Each structure stands twice: as structure tokens, then as C-alpha cells.
Amino acid sequence: MKDIDLSLISKYRGELMGFAMIYVVMFHVCGSRHDTLWYCLARCGNLGVDIFLFLSGIGLWFAWTRNSSLRHFYWRRYKRIYPAWLVIASLFYIPKLIDGNITFAELLGELTINYGFWHHLALNFWYVPAILALYLIAPWYMTLIQKDSHYRWLPVAAMLLTLLVQYWQPLHHSVGHLEIFFSRIPIFLLGINAGALVKSGYRMPKSSLWLLLLILAMSTLVCVNFEDGLRRRFPLFIERWAYIPWTVSLCILLPMLFDRLPRWSLKLFTIAGTVSLEIYLIHIEFVMKDVKSYQLGYWPTFLLTLGISTLLGYVLHYAIDKLQNIRKK
């Protein structure tokens, strides 16, 4: 066996994104509780968000070290996310305005910064405002660690911040409802930290495989045990802390597996990864809720939700890409 090449994470970034998106859809499709191993694994599917954030951090390091212009950095990031977000948010929130459920000012707030998430934890599309906020701080963090590598320990401080958000009353009173955001900052910063190793093609000694497998097994066991009847009996950030080693070990081990499989077998992950943002925006409010009304059972609901969302995601992705190309001309 060869040493573990971390550049495989970059090589299979799209497939990892697809895996994460499929896992998120599995999580959202889960219905009433069943105390089975499979159900508990599916309930851990919001791990996919952590994989997205870890990979995003790695990608940002690649982009920043190629071109450290703030204008270029923000334009590239927001150009990818905001057009798709504006289309889907308009389709979701404008009918609410017409029905009188929100005001015009609230509509503007939702379309610009997804105000409902920050104000009262409206989770319809929460990943979008969260990642856009993380994009704001990313250049400053990357500049900081380039100047002084000791600041790569800031993910530990970010973990402590989640404790303060939960238990320090002044902070909890103001932003305690945003635990789902604050508890994801550490894995995002760790992704940026890992970017340098991935870009340099760093190779971990092959003996590290057993350590990675141990971490994967332990973190999986912790999260499955949490989901097996313990949910709501502990602050959620504790389980999200367990997602951190789970995410890192998976993002190293899965590319090793992918590299040994024929390319055709990864096609589903590749397709889902290409339009992962669009699938995320579409699948709950515009597909899954309607499919669930037919009560087809878990697997048919999951497959229909994933299939329809992927198709619609490609249509949206292609349409936006076409419009952007026309504007360039």
C-alpha cells in the first residue's frame, strides 16, 4: 500500500460534494423515528453540511493562493451562489408576500441576506446565509495564517465559542438560536488549514490508515449512539463536535476508495456534486414535501426526491450559466 496522498481530496472534490449532497437528502427524507442502525445513520446525514464546509475551506485556500484580490475573491464566490439563491428565494418568498404572510421589507431581507435565518432561525435555506457569512471572514483568516502559522489553532477557539454561545448568557441571549451556524465554524477553518496540505500533495504515512479508520469508527459510533434515542437530551453542538473528526477522516478515506473504483461507478456522485447547490436549494420545499404526501416509503421518496431535484438543478444551473455567458458577450 502507498502513502496516503491528500491531493486526492482535490481530485475527487466533486464526487465528495455529490456524496455529501446525497447524504443530506437522505437526512431530510427521514420521517418518524425508528430505532435501527440504518435510521440512525440517515439521521446523521447533516454531516454532509460539514463535508461541504470542509471542502469549501480547502477550495478557498486554492483560490486565495492563486489570486489574493479581495474583489476577485468575493466576486467569484458570490457569483456562484447568489444567482441560484435569488431565483429559488424569489419562487419561495414572493408567494408568501402575495398571500400576506410577509411584508415587502421582509421579502427584501430574505432575498438579500435570508433575514429569517439570522433573526429567528428559519431553516428553509440556512446553508446559504451561513456560507456567505463564512466567505466574509475567510480572506482575513487566510491572510492571518499566512503571516503567522500559530493562528491555525483558531479552530480550537471556534470550538470554545460554541460553548460560550450555549452557556454564556449575554451571548446566548443574543445569538444562542444560531448554534447551527457557530458550531460549523471550526470545520470550515480546519478546511482552510487543510488546503495547504492538499495543494502541496502532502502524503501521510501509510501507517496512518489505521488511525483514520479508528477515528472514523469512533466518531460514527458516537453519532449513531446519540441518534439512537438520545437526541434532545444533550446540546446539539456536542454531536456536531463529533462530526469534525468524522468529516476529516471521511474526506481522506473516501478519495482513496474512489481512486480504486472505475470512473463510471462514481457517476452519480459526480452528477450530484456538479449541481449540489441547486439540489440543496430545490429538494425540500419544491420536491420532497410534495413527494412525501404520497407516502411511498423511505427509499422511493428518497430516490424520487434526489432524481427530480437533480434534474431541476441541472436546468437551473444551465440557465444561469447561459445568462452569465450572454452577459459576458
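Each chain has its residues counted from 1, running along the sequence as written. Local features in this predicted model are restricted to residues whose pLDDT is 70 or higher, and side-chain atom pairs enter the listing and the counts only when it is 80 or higher, whereas totals over whole chains, interfaces and linings include all residues. Side-chain numbers here rest on the full set of heavy atoms in the structure, without hydrogens or water.

Participant: Let's hear about helix α6 (residues 104-113): which residues, and what values?
Facilitator: Relative accessibility thresholds used throughout: buried, under 20% of the residue-type maximum; exposed, over 50%; partly exposed, between the two (1.4 Å probe, protein chains only). Strands are runs of DSSP state E lasting at least two residues, helices are runs of H or I lasting at least four, and both sets are numbered from the N terminus onward. Burial in α6 covers these residues: Leu 107, Gly 109, Glu 110 and Leu 111. It only takes one pair of heavy atoms within 4.5 Å for two residues to be counted as in contact. In this structure, the buried residues of α6 make contact with α5 (70-98) and α7 (115-120).

Participant: An account of the nonpolar core is needed here, citing residue identities and associated values.
Facilitator: Grouping buried Ala, Val, Leu, Ile, Met, Phe, Trp, Tyr and Cys residues that are joined through side-chain atoms within 4.5 Å yields what is termed a nonpolar core. Residues Ile 131, Phe 181, Phe 188 and Leu 281 are the most contacted members of the largest nonpolar core, which totals 101 residues. Ignoring sequence-local partners within four residues, the contact set of Ile 131 consists of Leu 53, Ser 56, Ile 81 and Phe 188.

Participant: I'd like to hear about helix α2 (residues 13-29), residue by residue, with values.
Facilitator: For a helix, the expected span equals 1.5 Å multiplied by the residue count minus one. Between its first and last C-alpha, α2 extends 25 Å over 17 residues, near the 24 Å set by a 1.5 Å rise per residue. Most of α2 is tucked away, with 14 of its 17 residues classed as buried.

Participant: An account of the packing of aromatic side chains is requested, with residue identities and associated values reported.
Facilitator: Classification of ring pairs uses Phe, Tyr and Trp, with its six-membered ring standing for Trp, and accepts pairs whose centres are within 6.5 Å; under 30 degrees between planes counts as stacked, over 60 as edge-to-face, and the remaining range as tilted. Counting across every chain of the model gives 26 aromatic pairs. Relative to Phe 237, the ring of Tyr 167 has its centre 6.3 Å away and its plane inclined at 80 degrees; by these criteria the two rings are edge-to-face. Of the two residues, Tyr 167 is situated in helix α9 (residues 154-167) and Phe 237 in helix α14 (residues 236-258); the sequence distance between them amounts to 70 residues. Given a relative accessible area of 52%, Tyr 167 falls into the exposed group. Judged by its relative accessible area of 2%, Phe 237 is buried. An aromatic cluster is built from Phe 52, Phe 117, Trp 118, Trp 126, Tyr 127, Phe 181, Phe 182 and Tyr 280, whose rings are joined through pairwise contacts. Only Lys NZ and Arg CZ are tested; either one counts as a charge over a ring when it is within 6 Å of the ring centre and within 35 degrees of the ring normal. For Arg 77, the ring lying beneath its charged end belongs to Phe 73, and the centroid distance is 5.1 Å. Against the face of Trp 61 rests Arg 152, its NZ or CZ located 5.4 Å from the ring centre.

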